[in-house]
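The lines below spell out each chain.
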Amino acid sequence: MALLINDKCINCDMCDPECPNGAITFGAKIYEIDPLLCTECVGHYDKPTCKTVCPINCIVTDPDYVEKEEVLWEKFVMIQEATKAAR
């Protein structure tokens, strides 16, 4: 599953630096999570760090991108390979 930042976001900037995949960016009004880059921290941490540091709990599961853990692992591997190739 990818995560989603809802409109309760106060732009506190806590989540952005925590994302190991660079999936979080500042959007038009609030922070946004790119579902193609979000692995819910699978491959990096036991649980999503953005959710852990969010002071108002505005990060939820994105209903449009429900993925099984095996798919998140595959996405993690693809992101790591792309990162290595870019170096």
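Model, not experiment: these values are computed from the prediction.

Caption draft 1: Highlighting unusual backbone geometry. Notably, C41 is not glycine yet its phi reads approximately 70 degrees, a positive angle. Relative to the helices and strands, C41 resides in the loop between β3 (31-33) and α1 (49-53). Of note, the phi angle at N57 is positive, near 55 degrees, even though the residue is not glycine. Its relative accessible area of 59% is what places N57 among the exposed residues.

Caption draft 2: View of the packing of aromatic side chains. Here the structure, examined in full by the defined rule, presents 2 aromatic pairs. Seen from their ring centres, F26 and Y31 are 5.1 Å apart, and the 80 degrees between their planes marks the pair as edge-to-face. For F26, a relative accessible area of 47% translates into the label partly exposed. Relative to F76, the ring of W73 has its centre 5.7 Å away and its plane inclined at 85 degrees; by these criteria the two rings are edge-to-face.

Caption draft 3: The arrangement of the nonpolar core in detail. One finds I5, C15, I24, I33 and I59 to be the most contacted residues of the largest nonpolar core, which totals 16 residues. With sequence-adjacent residues up to four places away left out, I33 is seen in contact with L3, L4, I5, A23, I24, C38 and I59.

Caption draft 4: Focus on the pattern of salt bridges. By the definition in use, this model includes 1 salt bridge. The partner of K75 in a salt bridge is E67, and the shortest N-O contact between them spans 3.0 Å. Owing to a relative accessible area of 10%, K75 belongs among the buried residues under this scheme. Taking relative accessible area as the criterion, E67 reaches 18% and is therefore assigned buried.

Caption draft 5: Structural view of the environment of Y45. Structurally, Y45 is set in the loop between β3 and α1. For the pair Y45 and A28, spaced 17 residues apart in the sequence, the C-alpha separation amounts to 29 Å.

What counts, and at which threshold
- Residues numbered from 1 in each chain as written.
- Predicted model: local features only at pLDDT ≥ 70, side-chain atom pairs only at ≥ 80, totals over all residues.
- Heavy atoms only, no water.
- Helix = DSSP H or I, 4+ residues; strand = E, 2+ residues; numbered from the N terminus.
- Buried < 20%, exposed > 50% of the residue type's maximum accessible area, 1.4 Å probe, protein only.
- Phe/Tyr/Trp six-rings, centres within 6.5 Å; stacked < 30°, edge-to-face > 60°.
- Core = buried A, V, L, I, M, F, W, Y, C linked by side-chain atoms within 4.5 Å.
- Contact = heavy atoms within 4.5 Å.
- Salt bridge = Lys/Arg side-chain N within 4 Å of Asp/Glu carboxyl O.

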